Amino acid sequence: MADLLLLTATAGGSATVLPALGLLNHHIRILPMEPSALIEAPDADVVLLDARRDLAKARTTSRMLRATGLTVPLILIVTEGGLLVVNADWGANDLMLDTAPPAEVEARIRLARETDATAASEDQPEEIATGELVIDSSGYTVRLHGRPLDLTYKEFELLKYLVQHPGRVFTRAQLLQEVWGYDYYGGTRTVDVHVRRLRAKLGTEYDQLISTVRNVGYRFDPPKDRHNPPVTEEPATADETFELADAESAGTTALEHPTEI
């Protein structure tokens, strides 16, 4: 599931611009087709720009979005006529026909996000420091107050992903998708199990670095922002207890085992 921002001058919802969106499970926010609309816009994983009717305005808007610092993928929605005029000068990452089927739309959004994530990871510093917590991406190690934490591969990846997006709330499904991958079919309780184990390893003084947002998911609160009162976690269910026991019995307790569940 992705957070999409659709810029369009057409009224009537996303289905009038790209009908396939109505059949996909994404969060969609619609704003006017103006660069200024992004000033107070919520964070988005992908921006969709409606270029079906006014190609000149769409080209200007696309170029201005890039010039003003848009950092997420930009995908143009065009008609067949638009295919003849769109080029690299527009500054878009990709384009799709307004008649594209759901499978194609889903694939283009997924590839745009994965390409953007790869580029972002290449730009990320090898060490990420927040307070006394230091994450070494290249060495797959985490230190707290200079003391190394013994994390499994997935615990490391989960902590790193949360730290890279401080203050942002992720649902369990989003974390499962981003950390475990699209081809993982386990339940979302897997996320709860790993969060609980991470908190235990961070210790009571720092376990609230990973905050529970009730009925939503989890977020990372940098040390300087840890002013919210602790949130009582829901009691462990039988399924969660089973998954934790299953994860532990699999023997995946070292970073050098990237095949861990």
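Quantities reported herein were computed from a predicted structural model and do not represent experimental measurements. (Residues numbered from 1 in each chain as written. Predicted model: local features only at pLDDT ≥ 70, side-chain atom pairs only at ≥ 80, totals over all residues. Heavy atoms only, no water.)

**Remarks on the packing of helix α4 (residues 153–164) against helix α5 (residues 172–180)**
For the pair α4 and α5, the least separation of the axes is 10 Å and the interaxial angle reads 115°. Of the two elements, α4 crosses α5, and the hand of that crossing is right-handed. Within the contact between the two elements, α4 uses Lys154, Glu157, Leu158, Tyr161 and Leu162 and α5 uses Leu175, Glu178, Val179 and Trp180. A breakdown of the residues in the contact of α4 with α5 according to their chemical character gives six nonpolar, no polar and three charged. (Axes fitted to C-alpha atoms, helices over the stretch in contact; angles between N-to-C directions. Helix = DSSP H or I, 4+ residues; strand = E, 2+ residues; numbered from the N terminus. Left-handed = near helix turned anticlockwise from the far one by under 90°. Contact = heavy atoms within 4.5 Å. Nonpolar A, V, L, I, M, F, W, Y, C, P; charged D, E, K, R; others polar.)

**Focus: the sheet that holds strand β10 (residues 170–171)**
Pairing is antiparallel across the open sheet formed by three strands, whose spatial order is β10-β12-β11. The open sheet is flanked by β10 and β11 (210–213), the only strands paired with a single partner. Bridge count between β10 and strand β12 (residues 217–220): two bridges; the pairing is antiparallel. Along β12, the bridge assignment pairs threonine 171 with glycine 217. Lying on the sheet, helix α6 (residues 189–202) is in contact with β11 and β12; it crosses β11 at an angle near 140°. (Pairing = 2+ DSSP bridges.)

**Side note on the pattern of salt bridges**
Scanning all chains against the criterion turns up 16 salt bridges. Measuring nitrogen to oxygen at the nearest pair gives 2.5 Å for the salt bridge that ties arginine 113 to glutamate 178. Pair noted here: arginine 113 is in helix α3 (residues 102–123) and glutamate 178 is in helix α5, with a separation of 65 residues, a long-range link. As a salt-bridge pair, aspartate 192 and arginine 189 come within 2.7 Å of each other at their nearest N and O atoms. With aspartate 192 and arginine 189 both in helix α6 and three residues apart, this pair spans about one turn of that helix. (Salt bridge = Lys/Arg side-chain N within 4 Å of Asp/Glu carboxyl O.)

**Digging into the pairing of β11**
Burial of β11 is two-sided: the residues Ile210 and Thr212 facing one way and the residues Ser211 and Val213 facing the other way are all buried. For β11 and β12, the ladder comprises four bridges, and the chain directions are antiparallel. Note on β12: the bridge partner recorded for valine 213 is glycine 217. (Buried < 20%, exposed > 50% of the residue type's maximum accessible area, 1.4 Å probe, protein only.)

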